[in-house]
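Observations on the model geometry
Here are the chains, one letter per residue:
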Amino acid sequence: MVSFNEIAGNTLLFFLVFGMSATVDIHMLVAQLRNVKAIFMGVFLQFVILPLCGFLVVKFFQLDRSAGISLLVVTSSPGGSYSNWWCSIFNADLALSVTMTAISTLLSVVLMPINLLIYCKYAYEADVVQSLDFNALFIALTVVISAIGLGLFASAKIHSYRFNILSNKLGNYAGISLVAYSALMSNTGGETHMWEHGWQFYVGVALPCLAGLVVANVLTSFLSLNKPERVTLSVECCYQNVGIATSVALTMFEGDELSTAMAVPLYYGLIEAVILGLYCTVAWKANWTKAPKNISFCTMVSTSYEVLLVEHEDLKAIEVSLPKHDQDVNEKVNRTGDTIYVKYSMDEEEQCEEDYQNVNCMCINLPSHPKEASGYQLPHVPETDQQGGRIGVEFLPTTTNMQ
């Protein structure tokens, strides 16, 4: 029978994933689906690099059986929707994060047991796969995939920046609630004795997270991915689903071994939160995220630049040079109404060869199906460079619908 804890956890998980998916503009998601280089790198980091880091740490530090197996389970279990929350809060590439969540959730059903079968066998001659709760895995898979599908469908059909913003807030609140609920439940499972181990335990459990973070940044930089994409893939690589390791520990171990095995996911969860929090903050200050580095921390974590920057691009003014006389302007609109053609002439004494060739006509493309404005303004918009005496003008979003 399904317990209340499972229902509550899966409900919060659904609203977290739905909110993050509904935040993403459908065109941004389609673009990320075509970003084969980033997707393959994300899969490589999640299912090859971090499990390998866990195995090397277990062998190097000679961790005891309960701690080592628990660490191998942690490093083989992608974090899924929690990574969406981190990318949303710190304004990394949320569209890529949602895409990776859908792909890694599907792949984990096959690749996670394969990694555990290989690494646990070579490290301890243990069969961990039989201890996995596949029913829980398939329930989580159903929740995540359905939430992603419904969120993207709602984003495409409602076609409103305001809806995207409200969905992001829903996802953030659900994420905070899920983190708090998970922490509460982890403290009600009995004694873990987390602070009664040798230094090898603490260094060994923390090292895969640090090593994965370094490798992820090196490889994504080598591929010249966009900086927000590098931050997203680094988060995807390091943030793991510690709940699966807790479940395996409860199934496989008893007594002191259970206490040690339970301490691993609890300690790793603490370490990954601290390390990724510091990393994302440094990435923001290094201008690696979508949020400007010169705004306040509270403004950065409370503002969804994923939505506002897309809206800002839709509303951004186009630099033009106007003639002196209105009669010199000839404006036409095409049949669909999504393009304006403007052509104007200049007085002979004002014409120079460069101006006449470069600025005597222009074409303005307008969105054929404009989205409802969010009603929010960007807390900070970087000033447009002033070159050659021409000043770029930028508009901020308003509550007026785009027509």
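Residues numbered from 1 in each chain as written. Predicted model: local features only at pLDDT ≥ 70, side-chain atom pairs only at ≥ 80, totals over all residues. Heavy atoms only, no water.

The next point concerns the overall build of the chain. Each helix and strand in the chain was counted, giving 15 helices and three strands. The 403 residues of the chain split such that 48% are buried. Residue pairs at least 24 apart in sequence account for 78% of intrachain contacts in the chain once pairs closer than 6 positions are excluded. For the chain, the exposed area adds up to about 20,400 Å²; of that, 60% sits on carbon and sulfur atoms. (Helix = DSSP H or I, 4+ residues; strand = E, 2+ residues; numbered from the N terminus. Buried < 20%, exposed > 50% of the residue type's maximum accessible area, 1.4 Å probe, protein only. Contact = heavy atoms within 4.5 Å. Areas by Shrake-Rupley, 256 points an atom, 1.4 Å probe, with all protein chains shown as cover.)

Our focus in this paragraph is a nonpolar patch on the surface. Together, Val 110, Ile 114, Leu 117, Ile 118 and Tyr 122 make up an exposed nonpolar region whose accessible area comes to about 500 Å². In this fold, Ile 114 is placed in helix α6 (residues 94-124). (Patch = residues over 30% accessible without salt bridge, like charges linked within 9 Å, V, L, I, M, F, W, Y side chains within 5 Å. Salt bridge = Lys/Arg side-chain N within 4 Å of Asp/Glu carboxyl O.)

So, on to the pattern of salt bridges. This structure, assessed with the given rule, holds one salt bridge. In this structure, Glu 306 engages Lys 290 in a salt bridge whose closest nitrogen and oxygen atoms are separated by 2.9 Å. Residue Glu 306 is found in helix α14 (residues 305-315), and its partner Lys 290 is found in the loop between α12 (255-285) and α13 (297-302); the two are separated by 16 residues along the sequence. The burial state of Glu 306 is the same as that of Lys 290; both residues are buried.

With that settled, consider the packing of aromatic side chains. Tallied over the entire structure, the rule returns 13 aromatic pairs. With 5.1 Å between their ring centres and 85° between their planes, Phe 60 and Phe 61 make a pair best called edge-to-face. Since its relative accessible area comes to 66%, Phe 60 is described here as exposed. Phe 61 gets classed as buried once you look at its relative accessible area, which sits at 14%. Ring geometry for Trp 86 against Tyr 239: centres 6.0 Å apart, planes inclined by 45°, an arrangement best described as tilted. (Phe/Tyr/Trp six-rings, centres within 6.5 Å; stacked < 30°, edge-to-face > 60°.)

A word on the packing of helix α3 (residues 36-61) against α6. Between α3 and α6, whose axes approach to 9 Å, the crossing angle comes to 30°. The angle between α3 and α6 places the two elements in the roughly parallel class. Once α3 is placed against α6, the crossing between them reads as right-handed. Of the residues contributing to the contact of α3 with α6, the split by class is 18 nonpolar, six polar and one charged. (Axes fitted to C-alpha atoms, helices over the stretch in contact; angles between N-to-C directions. Parallel < 35°, antiparallel > 145°, perpendicular 65-115°, else oblique. Left-handed = near helix turned anticlockwise from the far one by under 90°. Nonpolar A, V, L, I, M, F, W, Y, C, P; charged D, E, K, R; others polar.)

To continue, consider the confidence of the model for the chain. Low-pLDDT portions of the prediction should not be read for the details of their coordinates. Looking at the chain as a whole, the pLDDT averages 77, with 72% of positions reaching at least 70. Across residues 317-322, where pLDDT falls below 50, the model places eight contacts with residues more than four positions away in sequence or in other chains. In the model, residues 346-360 has pLDDT below 50 throughout and makes nine contacts with residues more than four positions away in sequence or in other chains. (pLDDT = per-residue confidence, 0-100.)

Core analysis: the biggest nonpolar cluster contains 96 residues, and Ile 69, Leu 72, Val 73, Tyr 124, Phe 201, Leu 233 and Tyr 267 have the highest contact counts within it. Non-local contacts of Tyr 124, meaning those with residues more than four positions away in its chain, are made with Val 58, Leu 63, Asp 64, Arg 65, Gly 68, Ile 69 and Leu 72. If you look at the next biggest cluster of nonpolar residues, it comprises five residues, including Tyr 161, Val 307, Leu 308 and Val 310. (Core = buried A, V, L, I, M, F, W, Y, C linked by side-chain atoms within 4.5 Å.)

Let's shift gears to the environment of Ser 77. Take Ser 77: it is sitting in the loop between α4 (65-75) and α5 (81-89). A relative accessible area of 0% means that Ser 77 is categorised as buried. A C-alpha to C-alpha distance of 7.1 Å links Ser 77 and Ile 244, two positions 167 residues apart in sequence. Among the polar contacts made by the side chain of Ser 77, one reaches the main-chain carbonyl oxygen of Val 73 at a distance of 2.6 Å. (Polar contact = N/O pair within 3.5 Å; in protein donor to acceptor, adjacent residues only side chain to side chain.)

Before going further, it helps to spend a moment on the packing of helix α9 (residues 199-222) against helix α10 (residues 227-238). Where α9 contacts α10, the two axes come as close as 9 Å, and the packing angle between them is 150°. One finds that α9 runs roughly antiparallel with respect to α10. Read as a crossing pair, α9 and α10 show a hand that is right-handed. In contact with Cys 209, Gly 212, Leu 213, Ala 216, Asn 217, Thr 220 and Ser 221 of α9, α10 contributes Arg 230, Leu 233, Ser 234, Cys 237 and Cys 238. In terms of residue class, the contact of α9 with α10 is made up of six nonpolar, five polar and one charged.

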